[in-house]
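Here's the letter readout for the chains.
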Amino acid sequence: MKKIIILSAAAMLAGSVYAGGYRISMQGQRQLAMGHTGVAVINGNAESIFFNPANGVFLENRFSFSAGASALFANTKFQNSTYNWTNSSENLGTPAYFYANYKISDRFAVGLAVYTPYGSAVDWDTDWQGSHLVNNIDLKAFFIQPTVSYMVNDYVSIGAGLIYVNGGVEFNRNLSRSMTDDQGNRSDVTLDAKGVTAWGYNVGLTARLDDYVTFGVNYRSHIDMEVENGEATFSDLPDFLKPTYEGTTFSASMPLPAELTFGFSYQINEQWLAAVEMNHTYWNKYESLDIEFSNGTNSVNPRRYKNSNTYRAGVQYTPSEKLSLRVGGYYDETPVRSGYFAPETPRNNSLAGTLGFTYNITPKLGVDVSALFIHFDEFEGHYDHYIEDGLPVSFGGTYRSAVGSVGLGLSYNF
Amino acid sequence: MKNKFIYLSVLALGLVACEPEFDNELTPDSYSSGEADFTTYVAIGNSLTAGYMDGTMFRSGQQNSFPNLLAQQFSVVGGGEFTQPSYADDVNDLGGLLLGGQPIQGFPTRMAILMTSDGSGPVNLAGTSSIEVSDLQQTAYNNMGVPGAKSFHLVAPGYGNIANLATGRANPYFVRHATSPDASVLSDALSMNPTFFTNWIGNNDVLSYATSGGTGVNQEGNIDVTTYGGNDITDPQVFASVYSTLIDGLTANGAKGVVMTIPSVTSIPYFTTVPYNPLTAEQLGGDAVIDMLNAQLGQLKQVLAVFGEGDRLQLFSKTAANPVLIKDETLTDLSQQITAVLLSLPDAGFSQEEAMAIGTIFGQARHATADDLFTLTASGVIGQTSLVLPNPFNIMGVTYPLDDMYVLIPAEQAEISTATTQFNQIIRSIAASKNLAVADMNDILNQLVSGIRATDGQIYTADYFSGIGNMNRVLFSLDGVHPNARGYAFVTNEIIKVINRHYKAHLPLVNVAEYPGPKIVTSNN
């Protein structure tokens, strides 16, 4: 029991799991249950300020709070029949969030959002056949975003947030496909960066087109996470490499891409609400993961991610004041190009289904529950750009992933 | 308590519910042995079968012998246990051999690359061997590869008798594990009752001659093997007869197997690494030295020209790479003629002894051409100054002709090539008569010279280790003849492909790239 608690506590606010690229779209149980739509969903709960900062001023209550976390299970299996390779990675992560919104007046609201939109953890068996690319990786980042929203007129509001990012990564891989020390242990390097900070912003606009239809648009800025003098620990080096590598530090930069979202919500009647939206993620800024070591050597790892879209839809049914039911889904395009499928982020296109409910224990306090399942097709993935003695060599096989989550949250509005 | 239960259930449920499934999950049933039966796999052959590399047999190297790697793949489809002669006494992983506690001459420790700030080059690891020949194991093993064995050695009783070591009629490697003094390698192999075998023999029947620089005798026409020397080429009829005996024995109970052909010398880095013209102006000592050398050379050229043999020698170039001076025993010996001409030159002032010395040295000397092949060992000799020879004729391969043992002249290459082709024809035809699979290592190694592209995109060649630049691609060990661990993995895959094709099996390949290449050390004391 203690071990499991420690595991979860360590993963709390860490979001060690993945969706398109290393983006995790799980920033609110209510909206997740509706396919993670939200840019045009007004009068929800405090989760709205993440999906569109302009939505804060549309919330009904003066004070709105929402907090929650999910248990996210990501399993990937790998096999290659030419060589009889089999391997798998099982990861549990706990993305979490906290939102608070205060309506200073009918036209003006301020809020604070804390959430974990990025994470990636994969844990292959040490020294597996792809160990020259990755043995294990754990990437996490949390965002703190103070927000303001302003009602321009009865129909249109605008909002903005300043984003403070704090993140880190721990990444281990073997130095080459065969390098060992004198005892035959594979030489490897662990890159460790903690407390990497950066800044960004979030702007949005919401427009009530009529009594039923609302339009929302949101833009999240591109953020570069830059590591300087990160800790690089080399293990099991042969004697002739020790002088080259011992005591080096590393620098690297990893992009958290910009995201543009726009969508519509349609209040069909008092009980039924539907929402559709599209996210466009500017992944093409992720050309290559370049690691510079203080001894002058460089590790260039081409990635060439491409811009990708996610298409979402969700429905909410509120039969009474006590209960809301939700269902939704989304189709998530992978940013990974053919030939660049690296086992540290082994994800192809996926199709997700979500459902959930809110049960209002009291008029002020509600319990939000969500469940998610992401379906991935079996996929032949390979990475063709690892350079060995001047020549690119390929690594790949058949991958199959399955991801699911259950989430719990509380909303308190008064 | 209840909360903990719920928590754990959610966890377990989640992890189980999200279990991905493959359409065709890989299991051992995904593979098959086809028409072959790998229950008892026995390998016979020489050092290439035993797992010899870097100039010796050593404990960790043996783990990567191709039969051991093959057996690991066979085990997926029902292959049985695979045993190899024990090297447990090689506690420091140095190789070499001891007899009665004393290191045996000609069985040095393992080679490695010594890399220092001054440069890098191959060395024998410091230390003394701990592999004692007289600790007799007296066991038959699945791996019956005996380093140094020629074809007829495998059927010779007494080849493993310790008493025969003094007369050279026994092999210390076989002595270590022969089941009895009179056992033959073949009889020990057959005592394992093989259901499947590999047989890679015949290399030493021709390649011992090659690695000796052609100093042995071509025994074609002589079928009495008791008269053979170690560096001789075996008579083809002897080879055919022995090879038949081996195959008849191995297939007597219906066992199937793979035989391998013998590579040609032009595909082994032992013969292709040292160029015929390694001498740059800088290495020779600069322009002034070259002028001085050319003065002497010019004179000798003129002397030889008198007999129409002026082309034997070339003047040194200050810009281009210069060929090595070698002794070619097929040339007409002009020692006396040279001496006579030198003595007849009035102004040259050669004494009787000087003229005779020069005549003797240059009687059969010539500069190498692109048609000559040099052994790897020549690199340690060319350019060295001899302590016994008189100045200025004391720089090996420059002013003193390199000995026959370091060079394969075209005539010697032709004998080797003819014998190799004859032996390979015998191997292929005997294999065909028994419907055995043939792994054509001759063809594969020839392709390796220009490069073979592996399925992962890496291009492997037959080059010798040249430094950090090719350390992940080199397949040959530092002795230039035997593969390294990665090379044996490459060989294993070629054999698996042949087995898959010929016996309609479906075996998984090994991952060549993860096997180690050359061992590099920073100190050797």
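First, a word on what this report is: a plain description of the structure on this page. As the structure is a computational prediction, the values presented were derived from the model and not from experiment.

1. Some thoughts on the packing of helix 12 (residues 335-344) of chain B against helix 13 (residues 352-362) of chain B
All names here are of chain B.
Stage number 1. In the contact formed by helix 12 and helix 13, the axes pass within 7 Å of each other and the chain directions differ by 145 degrees. Relative to helix 13, the crossing made by helix 12 is right-handed. Judged by residue contacts, Ser 335, Ile 338, Thr 339, Leu 342 and Leu 343 of helix 12 engage Gln 352, Ala 355, Met 356, Ile 358, Gly 359, Thr 360 and Phe 362 from helix 13.
Stage number 2. Partitioning the contact of helix 12 with helix 13 into residue classes produces seven nonpolar, five polar and no charged.

2. Quick word on the pairing of strand 4 (residues 111-116) of chain B
Residue and element names in this part refer to chain B.
Stage number 1. Pairing of strand 4 with strand 5 (residues 119-124) involves six bridges; the strand directions are antiparallel. Bridge pairing links Ala 112 to Val 123 in strand 5.
Stage number 2. Count of turn residues in the strand 4/strand 5 antiparallel hairpin: two residues.
Stage number 3. Relative to strand 16 (residues 520-521), strand 4 runs parallel, the two being bridged by two bridges. Among the inter-strand pairings, Ile 113 is bridged to a residue of strand 16, identified as Ile 520.

3. Quick notes on the sheet that holds strand 6 (residues 143-145) of chain B
Residue and element names in this part refer to chain B.
Stage number 1. With parallel pairing, five strands are arranged side by side in an open sheet as 6-1-7-8-13. A single partner strand is all that each edge strand has here, and the edge strands are strand 6 and strand 13 (437-439). The mean angle between the axes of side-by-side strands here comes to 15 degrees, regardless of whether they run parallel or antiparallel.
Stage number 2. Of the strand pairs in this sheet, strand 8 (residues 256-260) and strand 13 are connected by three bridges, and their pairing is parallel. In the sheet register, Val 259 faces strand 13, and the bridge partner there is Val 438.

4. Digging into the interface of chain B and chain A
Stage number 1. Counting residues at the interface gives 44 residues for chain B, matched by 41 residues for chain A.
Stage number 2. Between chain B and chain A, roughly 3800 Å² of surface is buried when both sides are summed, and carbon and sulfur atoms account for 59% of that area.
Stage number 3. Where chain B meets chain A, there are five salt bridges.
Stage number 4. Here B:Glu19 makes a salt bridge to A:Lys77, at a shortest N to O gap of 3.9 Å.
Stage number 5. For the side of chain B that touches chain A, the secondary-structure elements that each account for two or more residues are helix 1 (2-17) and strand 15 (459-460) of chain B.
Stage number 6. Per element, the largest residue contribution to the side of chain B that touches chain A is eight residues, and it comes from helix 1 of chain B.
Stage number 7. Of the residues contributing to the side of chain B that touches chain A, the split by class is 24 nonpolar, ten polar and ten charged.

5. Section: the sheet that holds strand 5 of chain B
Stage number 1. Read across the open sheet, the three strands follow the order 5-4-16 (chain B); overall the sheet is mixed. Among the strands making up the open sheet, the edge pair consists of strand 5 and strand 16 of chain B.

6. Remarks on a nonpolar patch on the surface
Residues and elements named next belong to chain A.
Stage number 1. Side chains of Tyr 102, Ile 104, Phe 108, Val 148, Tyr 150, Val 152, Ile 158 and Leu 205 sit close together on the surface and give an oily, nonpolar patch of about 610 Å² of accessible area.
Stage number 2. Relative to the helices and strands, Leu 205 resides in strand 7 (residues 188-208).
Stage number 3. Take Leu 205: its relative accessible area is 30%, and that puts it in the partly exposed class.

7. Overview of the side chain of A:Asn172
Stage number 1. As for its placement among the helices and strands, A:Asn172 is situated in strand 6 (residues 156-174).
Stage number 2. A distance of 3.0 Å separates polar atoms of two side chains, one belonging to A:Asn172 and the other to A:Asp188.

8. Here we look at the side chain of B:Ser65
All names here are of chain B.
Stage number 1. Relative to the assigned elements, Ser 65 resides in the loop between helix 3 (59-62) and helix 4 (66-74).
Stage number 2. At 2.7 Å, the side chain of Ser 65 and the side chain of Gln 84 are in polar contact.
Stage number 3. Ignoring anything within four residues of it in the chain, the contact list for Ser 65 reads Thr 49, Ala 50, Gly 51, Gln 84 and Asn 143.

9. Here we look at the packing of aromatic side chains
Stage number 1. Per the counting criterion, the structure on display carries 47 aromatic pairs over all chains.
Stage number 2. Geometrically, the ring pair formed by B:Tyr41 and B:Phe82 is stacked, given 5.2 Å between the ring centres and 25 degrees between the ring planes. Within this pair, whereas B:Tyr41 is found in strand 1 (residues 41-45), its partner B:Phe82 is found in the loop between helix 4 and strand 2 (98-99), the two being separated by 41 residues in sequence.
Stage number 3. The class for B:Tyr41 is buried, based on a relative accessible area of 2%.
Stage number 4. For B:Phe82, a relative accessible area of 14% puts it in the buried group.
Stage number 5. One residue, A:Arg312, lies across the ring of A:Tyr330, its end atom 4.5 Å from the ring centre.

Cut-offs and rules
Residues numbered from 1 in each chain as written. Chains lettered and ligands numbered in written order. Predicted model: local features only at pLDDT ≥ 70, side-chain atom pairs only at ≥ 80, totals over all residues. Heavy atoms only, no water. Axes fitted to C-alpha atoms, helices over the stretch in contact; angles between N-to-C directions. Helix = DSSP H or I, 4+ residues; strand = E, 2+ residues; numbered from the N terminus. Left-handed = near helix turned anticlockwise from the far one by under 90°. Contact = heavy atoms within 4.5 Å. Nonpolar A, V, L, I, M, F, W, Y, C, P; charged D, E, K, R; others polar. Pairing = 2+ DSSP bridges. Buried area = accessible area lost by both parts, 1.4 Å probe. Salt bridge = Lys/Arg side-chain N within 4 Å of Asp/Glu carboxyl O. Patch = residues over 30% accessible without salt bridge, like charges linked within 9 Å, V, L, I, M, F, W, Y side chains within 5 Å. Areas by Shrake-Rupley, 256 points an atom, 1.4 Å probe, with all protein chains shown as cover. Buried < 20%, exposed > 50% of the residue type's maximum accessible area, 1.4 Å probe, protein only. Polar contact = N/O pair within 3.5 Å; in protein donor to acceptor, adjacent residues only side chain to side chain. Phe/Tyr/Trp six-rings, centres within 6.5 Å; stacked < 30°, edge-to-face > 60°. Lys NZ or Arg CZ within 6 Å of the ring centre and 35° of its normal.

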